[in-house]
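Read off the chains here:
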Amino acid sequence: MSEVYFLEVVKEGLYLVLLLSLPPLGAALIAGLATALLQAGTRVWDPAIALLPRVAAVLLALVLAGPWTADQLVSFSQLLWRGIPQLR
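Note that the structure is predicted; figures quoted are calculated from it, not measured.

Peer 1: So, the overall build of the chain: which residues are in play, and what are the values?
Peer 2: Per the secondary structure count, the chain includes 2 helices and 0 strands. Its C-alpha atoms give the chain a radius of gyration of 19 Å, clearly above 12 Å, the size a compact globule of 88 residues would have. Projecting the C-alpha coordinates of the chain onto the three principal axes gives extents of approximately 65 × 25 × 15 Å. Per-residue burial for the chain yields a buried fraction of 22% across its 88 residues. Long-range contacts, defined as pairs at least 24 residues apart, comprise 77% of the intrachain contacts of the chain with a sequence gap of at least 6.

Structure below.
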């Protein structure tokens, strides 16, 4: 029984990692595409122009998704604590 529970917890943990990484990665992707289009249109290729909007977008995504992220982590932690008796 503990092997099945362990595999289920690992699966849930990996799914949570994927789910929690989506907001900052999505924001970086959108900001990167927007700056690439802007740079292609103006033919100005400066690395700082590409970096700063991505960093700002990731920080904004982390701030906006912070409460949801914390809620998901607390729920997963509670699931782990409730499952400790099943590990015998």
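Peer 1: Give me the lowdown on the pattern of salt bridges, citing residues and values where you can.
Peer 2: Any two side chains of opposite charge can pair, on the condition that their charged atoms come close. In total, this model carries 1 salt bridge according to the counting rule given. Here Lys-11 and Glu-8 are joined by a salt bridge, their closest N and O atoms 3.6 Å apart. Of this pair, Lys-11 and Glu-8 both sit in helix H1 (residues 2-42), 3 residues apart, roughly one helical turn.

Peer 1: Quick rundown of unusual backbone geometry? Include the residues and the values.
Peer 2: Negative phi is the rule for most residues except glycine; trans is the rule for most peptide bonds. Of note in this structure, Arg-43 is not a glycine but carries a positive phi near 60°. Along the chain, Arg-43 turns up in the loop between H1 and helix H2 (47-82). Relative accessible area serves as the criterion here: at 73%, Arg-43 is assigned to the exposed category.

Peer 1: Go over the environment of Val-17 with me, naming the residues and quoting the values.
Peer 2: Within the secondary structure, Val-17 sits in helix H1. Taking the C-alpha atoms as reference points, Val-17 and Arg-43, 26 residues apart in sequence, are found 37 Å from one another.

Peer 1: Which residues make up H2, and what values do they have?
Peer 2: Taking 1.5 Å as the rise per residue, H2 with 36 residues should run 52 Å; its terminal C-alpha atoms sit 48 Å apart, in good agreement. The axis of H2 is deflected most strongly, by about 55°, at Gly-66, and proline Pro-67 appears within four residues downstream. Among all positions of H2, only Ala-50, Ala-57, Ala-61, Ala-65 and Phe-76 are buried. The secondary structure elements touched by the buried residues of H2 are H1.

About the criteria used
Throughout, residues of each chain are indexed from 1 in the direction in which the sequence is written. Local features in this predicted model are restricted to residues whose pLDDT is 70 or higher, and side-chain atom pairs enter the listing and the counts only when it is 80 or higher, whereas totals over whole chains, interfaces and linings include all residues. The side-chain numbers reported here are obtained from all heavy atoms of the structure, hydrogens and water having been left aside. A run of H or I in DSSP counts as a helix once it spans at least four residues, and a run of E counts as a strand once it spans at least two, with each numbered from the N terminus. The globule rule used here is 2.2 Å times the number of residues to the 0.38 power, and the radius of gyration it is set against is calculated over C-alpha atoms. Each residue is assigned to one of three classes by its accessible area relative to the maximum for its type, calculated with a 1.4 Å probe on protein chains only: buried under 20%, partly exposed between the two thresholds, exposed over 50%. For this analysis, residues touch if any pair of their heavy atoms sits within 4.5 Å. Within this document, salt bridges are pairs made up of a side-chain nitrogen of Lys or Arg and a carboxyl oxygen of Asp or Glu, the two lying within 4 Å of each other. In this scheme, a helix's expected span is set at 1.5 Å multiplied by one less than its residue total. Each residue is assigned a bend, namely the angle between axes fitted to the seven residues that terminate at it and the seven residues that start at it.

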